[in-house]
Amino acid sequence: MEIIINHELSLRTITLDDAEAVFTLTDNSREYLREWLPWVDFTKELSDTKSYIEGCIAGYEAKSSMSLAIIFRDKIVGIAGFNTINYSNKIAAIGYWLGKDAQGHGIMTKTVQALLQYAFDELQLNKVEIRAAVGNTKSRAIPERLNFTTEGTIRAAEWLYDHYVDHVVYGMLASEWK
């Protein structure tokens, strides 16, 4: 599956062939990503990334999630997609991360816009959520920029290495997107 956003930016289903590029990106952005992502320390070698991608493929085949490589100027610069898709309730949760060197090009805002379009038009979902740590201003800027509704804060929502962080929950309904 591929979503073309513009001549420089696209999303496509992640495959095992992407493992080396994704691992290298993670490794090169390790300190940057570690601030807000709890899985970074568990990604120590290429086999860890391969296992992650195998899980992504299984989720896609089960129609319970969809992880996409973010391709910018012919290079993988991050991962985005639906961490969960609940067809019974017509709700999905978007998750995303971007390597440190790809910041500042509007990549993630355009990526999330494309995911919203896909969720509402192709998957016929009613709601998309994004959750981000209260202190993660860069991640929170995406749903705020795209006019998501702030629905609340979940206390101690995620264990981040040595402490809990609260999450802000953002929601967008199909009726609000149109």
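Residues numbered from 1 in each chain as written. Predicted model: local features only at pLDDT ≥ 70, side-chain atom pairs only at ≥ 80, totals over all residues. Heavy atoms only, no water.

Caption draft 1: Inspection of the overall build of the protein at higher detail. Assigned secondary structure in the protein consists of 6 helices and 8 strands. For the protein, the α and β elements follow one another from N to C terminus as β-β-α-α-α-β-β-β-α-β-α-β-β-α. In terms of C-alpha radius of gyration, the protein reaches 15 Å, essentially the compact-globule figure of 16 Å for 178 residues. Considered along the principal axes of its C-alpha atoms, the protein spans approximately 40 × 35 × 35 Å. Across the 178 residues in the protein, those meeting the buried criterion constitute 46%. Counted over contacts in the protein with a minimum sequence separation of 6, partners at least 24 positions apart contribute 59%. Accessible surface, the protein as shown: approximately 9500 Å² in total, 48% of it carbon and sulfur. (Helix = DSSP H or I, 4+ residues; strand = E, 2+ residues; numbered from the N terminus. Rg over C-alpha atoms; globule rule 2.2 N^0.38 Å. Buried < 20%, exposed > 50% of the residue type's maximum accessible area, 1.4 Å probe, protein only. Contact = heavy atoms within 4.5 Å. Areas by Shrake-Rupley, 256 points an atom, 1.4 Å probe, with all protein chains shown as cover.)

Caption draft 2: Structural view of the sheet that holds strand β8 (residues 164–173). With mixed pairing, the 8 strands of this open sheet are ordered in space as β1-β2-β3-β4-β5-β6-β8-β7. Each of the sheet's edge strands pairs with one partner strand only, and the pair in question is β1 (2–4) and β7 (149–159). Between one strand and the next, the sheet's axes are offset by a mean angle of 25 degrees, whatever the strand orientation. Where β1 and strand β2 (residues 9–13) come together, 3 bridges link them in antiparallel fashion. Paired with I4 across the strands is S10, a residue of β2. Sheet contacts for helix α1 (residues 19–28): β4 (75–86) and β5 (91–98); angle to β4, the most-contacted strand, approximately 100 degrees. (Pairing = 2+ DSSP bridges. Axes fitted to C-alpha atoms, helices over the stretch in contact; angles between N-to-C directions.)

Caption draft 3: Examining the layout of surface pockets more closely. Roughly 220 Å³ of volume is contained in the second largest pocket. In terms of lining residues, the second largest pocket is bounded by 14 residues, among which L25, K75, I76, V77 and D101 are the most central. Looking at which element gives the most residues to the lining of the second largest pocket, the answer is α1, with 4 residues. Its residues assigned to classes, the lining of the second largest pocket shows 6 nonpolar, 5 polar and 3 charged. (1 Å grid on protein atoms, 1.4 Å probe; cavity = no way out; pocket = protein on both sides within 12 Å on 5 of 7 lines; lining within 4 Å. Points joined across faces, edges and corners; volume = space filled by probe spheres on them. Nonpolar A, V, L, I, M, F, W, Y, C, P; charged D, E, K, R; others polar.)

Caption draft 4: Region of interest: helix α5 (residues 137–145). Within the sequence span of α5, burial applies to S139, I142 and P143. Mapping the buried residues of α5 onto a view down its axis gives an arc of 85 degrees, with all of them on the same face. Facing away from the buried side of α5 by more than 90 degrees, the exposed set consists of T137 and K138. For α5, the secondary structure elements touched by its buried residues are β5, α4 (107–122), β6 (127–133) and β8. The first or second residue beyond α5 is N147, which carries a positive phi of 65 degrees. (Arc of directions from axis to C-beta.)

Caption draft 5: Fine view of the packing of aromatic side chains. This structure, assessed with the given rule, holds 3 aromatic pairs. Here the aromatic rings of W39 and W97 are separated by 5.5 Å at their centres, their planes lie at 55 degrees, and the arrangement is tilted. Placement of W39 in the loop between α2 (30–34) and α3 (46–61) and of W97 in strand β5 is noted, with a sequence separation of 58 residues between them. Between F120 and W177 the ring centres are 6.4 Å apart and the planes differ by 40 degrees, which places this aromatic pair in the tilted class. Of the two residues, F120 sits in helix α4 while W177 sits in helix α6 (residues 174–177), which places them 57 residues apart along the sequence. Owing to a relative accessible area of 24%, W177 belongs among the partly exposed residues under this scheme. Over the ring of Y161 we find R34; its NZ or CZ atom is 3.8 Å from the centre of that ring. (Phe/Tyr/Trp six-rings, centres within 6.5 Å; stacked < 30°, edge-to-face > 60°. Lys NZ or Arg CZ within 6 Å of the ring centre and 35° of its normal.)

None of the figures reported here should be taken as evidence of function without further support.
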